[in-house]
Amino acid sequence: MDRSNRNRNTSHSPSRGSRSRAHDELPNSRGEDHRGDEDDVSIAKMKAAVEALEKQKPSFELSGKLADETNRVKEPLYIHRQSCYLFGRERRVAHIPTDHPSCSKQHAVIQYRLVEKEQPDGMLKKQVSPYIMDLGSTNGTFINDNRIEPQRYYELMEKDTLKFGNSSREYVMLHENSAP
């Protein structure tokens, strides 16, 4: 019983490794050994590649893609053409889509309001100014990194930054004559 199992599991033919090695080392009809030359060339190429990688120092400079992502002023959004603008994740309704999962479908609104402002000389002047209101969003709206209360208007001043939810995207309020 032992003997029959041993015979089934063992092979009497030469192993593949020894046969292929012997075949590879045979010279061709001209007596040249091409396999050895190919191996030498391959090894030389690998060594050259390793040396080149070792000599090359890593570059920690911003790549084009990363530099593009860190650019905060991509393009201005002109928000003076309507009386209000809705920010939110729902593209069918929002004027300015926020596209971040932490933002609500209807997150916040910027509305232009006519208000009376007292001038330095004590006179009252009517002026149209932008105001923002958080529409009860779950993750909040931020002016200059300060969370605002929902359902309340806040006046926006020049160079105020707006953030919605946990998004890292910032919106900066600029006047038409502002330098970015």
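Residues numbered from 1 in each chain as written. Predicted model: local features only at pLDDT ≥ 70, side-chain atom pairs only at ≥ 80, totals over all residues. Heavy atoms only, no water.

Chemist: How would you explain the sheet that holds strand β3 (residues 108-118) if you had to name every residue and give the values?
Modeler: A sheet is described by the order of its strands in space; here five strands give the open sequence β2-β1-β3-β4-β7, paired in mixed fashion. Two strands lie at the open edges of the sheet, namely β2 (96-97) and β7 (153-155), each paired on one side alone. Bridge count for β3 against strand β4 (residues 124-134) is 11 bridges, and the pairing is antiparallel. Residue Lys117 lies in a different strand from β4, and its bridge partner there is Lys125. (Pairing = 2+ DSSP bridges. Helix = DSSP H or I, 4+ residues; strand = E, 2+ residues; numbered from the N terminus.)

Chemist: Let's hear about the sheet that holds strand β9 (residues 171-172): which residues, and what values?
Modeler: Taken together, the four strands give an open sheet; going across it, the order is β6-β5-β8-β9, and neighbouring strands pair in antiparallel fashion. This sheet does not close on itself; its edge strands, each paired only once, are β6 (146-147) and β9. Looking at chain direction, strand β5 (residues 141-143) and β6 are connected through two bridges and run antiparallel. Bridge pairing in β6 places Ile143 opposite Asn146.

Chemist: Describe the nonpolar core, and please don't skip the residues or the numbers.
Modeler: Counting 16 residues, the largest nonpolar core has Ile110, Ile132, Ile143, Leu156, Leu162 and Phe164 as its most contacted members. Those elements that place two or more of their residues in this core are β1 (84-88), β3 and β8 (161-164). Among all residues touching Leu156, those that are not within four sequence positions of it are Ile110, Pro130, Tyr131, Ile132, Ile143, Leu162 and Met173. (Core = buried A, V, L, I, M, F, W, Y, C linked by side-chain atoms within 4.5 Å. Buried < 20%, exposed > 50% of the residue type's maximum accessible area, 1.4 Å probe, protein only. Contact = heavy atoms within 4.5 Å.)

Read these as geometric descriptors, not functional statements.
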